[in-house]
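Single-letter residue listing:
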Amino acid sequence: MPPSTQILGMSLQAFTVFHVGISLIGILSGLVVLLGMLGSKPLNGVTALFLATTVLTSLTGFLFPFKGITPAIVVGILSMIMLLAAILARYAFHFAGAWRWVYVVSSIIALWFNVFVFIVQSFEKVPALHALAPTQTESPLKIAQIVVLLTFIVLGIRAVKKFHPAP
């Protein structure tokens, strides 16, 4: 019997649950942050939670036993680049000048990456959704991704226009 895979001292199943839990916290807190941006509210505590859990989502994602570069790893790298920009814009440059919109855009893209992966994983793991897109190339998955992308674009444009926190 081969030894079971351990990641950070957890079984692969326990680590997956941990990773998914962090991801869901990142998505939910990110949606709250996005609503705050639309109301020009920086929401300091929720934003810190969003950024931290979204960074942890990417970092823990890199620890899964993949071989080679996968789409998940590429998304994780792109997400980390967006998160670095958001963290610098917020905490190092305090939204000064162009850093305000850099923060908004990079935060929303990082959130969208998490939601994108959530949708893909949902269509892969949830039986009712998997039946609609068993090979992940079918229209229901594509339509869901397009609707979510367009929603994020519209909300992102609105957030860039509306997010002007007090200094």
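Per-chain numbering applies: the sequence of each chain, read as written, is numbered from 1 onward. Note on the predicted model: pLDDT of at least 70 is required for a residue's local features to be given, and 80 or more for side-chain atom pairs to be given and counted; whole-chain, interface and lining totals, by contrast, use all residues. The basis for every side-chain value is the complete set of heavy atoms in the structure, and neither hydrogens nor water enter the calculation.

Draft legend 1. Molecular detail of the overall build of the protein. Segments assigned H or I by DSSP are reported as helices when at least four residues long, segments assigned E as strands when at least two residues long, and all are numbered from the N terminus. Scanning the protein for helices and strands turns up six helices and two strands. Secondary structure elements of the protein, listed N to C terminal, follow the sequence β-β-α-α-α-α-α-α. Only the C-alpha atoms count toward the radius of gyration. The rule for a globule is 2.2 Å times the residue count to the power 0.38. Taking 167 residues into account, the globule formula puts the C-alpha radius of gyration at 15 Å, and the protein, at 17 Å, falls close to it. Its C-alpha atoms give the protein principal-axis dimensions of about 60 × 40 × 25 Å. Accessible area is worked out with a 1.4 Å probe on protein chains only. A residue is then buried under 20% of its type maximum, exposed over 50%, and partly exposed in between. A burial count over the protein gives 37% of its 167 residues as buried. Residue contacts are defined here by distance: any two heavy atoms, one from each residue, within 4.5 Å place the two residues in contact. A sequence separation of at least 24 residues applies to 68% of the contacts in the protein between residues at least 6 apart. About 9,500 Å² of surface is accessible on the protein, with carbon and sulfur atoms providing 77% of the total. Throughout, the Shrake-Rupley method with a 1.4 Å probe supplies accessible areas, and for residues the shown protein chains are the sole cover considered.

Draft legend 2. Here's a closer look at the packing of aromatic side chains. For this analysis, a ring pair means two rings from Phe, Tyr or Trp (six-membered ring only for Trp) whose centres lie within 6.5 Å, classed as stacked if their planes differ by under 30 degrees, edge-to-face if by over 60, and tilted for the remaining angles. For the structure shown, the criterion picks out nine aromatic pairs. For the ring pair Trp-112 and Phe-113, a centre distance of 5.4 Å and an interplane angle of 40° mean the geometry is tilted.

Draft legend 3. Focus on the packing of helix H2 (residues 44–61) against helix H3 (residues 71–92). Throughout, an axis means a line fitted to C-alpha atoms (over the contacting stretch in the case of helices), and angles, computed between N-to-C directions, take values from 0 to 180 degrees. For the pair H2 and H3, interaxial distance at closest approach is 9 Å and the crossing angle is 155°. One way to sum up the angle between H2 and H3 is to call them roughly antiparallel. The handedness of the crossing between H2 and H3 comes out as left-handed. Between H2, through Asn-44, Thr-47, Ala-48, Leu-51, Thr-54, Val-55, Ser-58 and Leu-59, and H3, the contact on the second element is made entirely by Gly-76, Ser-79, Met-80, Leu-83, Ala-86, Ile-87, Arg-90 and Tyr-91. Roughly parallel covers angles under 35 degrees, roughly antiparallel covers those over 145, roughly perpendicular covers 65 to 115, and oblique covers all other angles. Less than a right angle of anticlockwise turn of the near helix away from the far helix marks a crossing as left-handed, whereas a clockwise turn marks it as right-handed.

Draft legend 4. Focus on helix H1 (residues 12–38). Multiplying 1.5 Å by the residue count of a helix minus one yields the expected span of that helix. Its 27 residues give H1 an end-to-end C-alpha distance of 39 Å, which sits within 8% of 39 Å, the value for a rise of 1.5 Å per residue. Just downstream of H1 lies Ser-40, where phi reads positive at about 60°.

Draft legend 5. Spatial organisation of the pattern of salt bridges. Salt-bridge detection follows one rule: a side-chain nitrogen of Lys or Arg within 4 Å of a carboxyl oxygen of Asp or Glu. Going through the model one piece at a time under the given rule, you end up with one salt bridge. A salt bridge links Glu-124 to Lys-125; the nearest nitrogen and oxygen atoms lie 2.9 Å apart.

Draft legend 6. Structural view of the layout of surface pockets. A cavity here means a set of points on a 1 Å grid, drawn over the protein atoms and nothing else, where a 1.4 Å probe fits but cannot get out; a pocket is an open set with protein on both sides within 12 Å along at least five of seven lines, and a residue lines either one if it has an atom within 4 Å of a point. Grid points are joined across faces, edges and corners, and a volume is the space filled by probe spheres set on the points. Looking at the largest pocket, its volume works out to about 840 Å³. Lining the largest pocket we find 29 residues, and of these His-19, Ala-72, Val-117, Phe-118 and Gln-121 sit closest to its centre. Listing elements by their share of the lining of the largest pocket, those giving two or more residues are H1, H2, H3 and helix H4 (99–125). In terms of residues, the lining of the largest pocket owes the most to one element, H4, which gives 10 residues. Broken down by class, the residue content of the lining of the largest pocket amounts to 15 nonpolar, 12 polar and two charged. Here the second largest pocket is characterised by a volume of approximately 150 Å³. Following the grouping adopted for this structure description, the nonpolar residues are Ala, Val, Leu, Ile, Met, Phe, Trp, Tyr, Cys and Pro, the charged ones are Asp, Glu, Lys and Arg, and the polar ones are all others, Gly among them.

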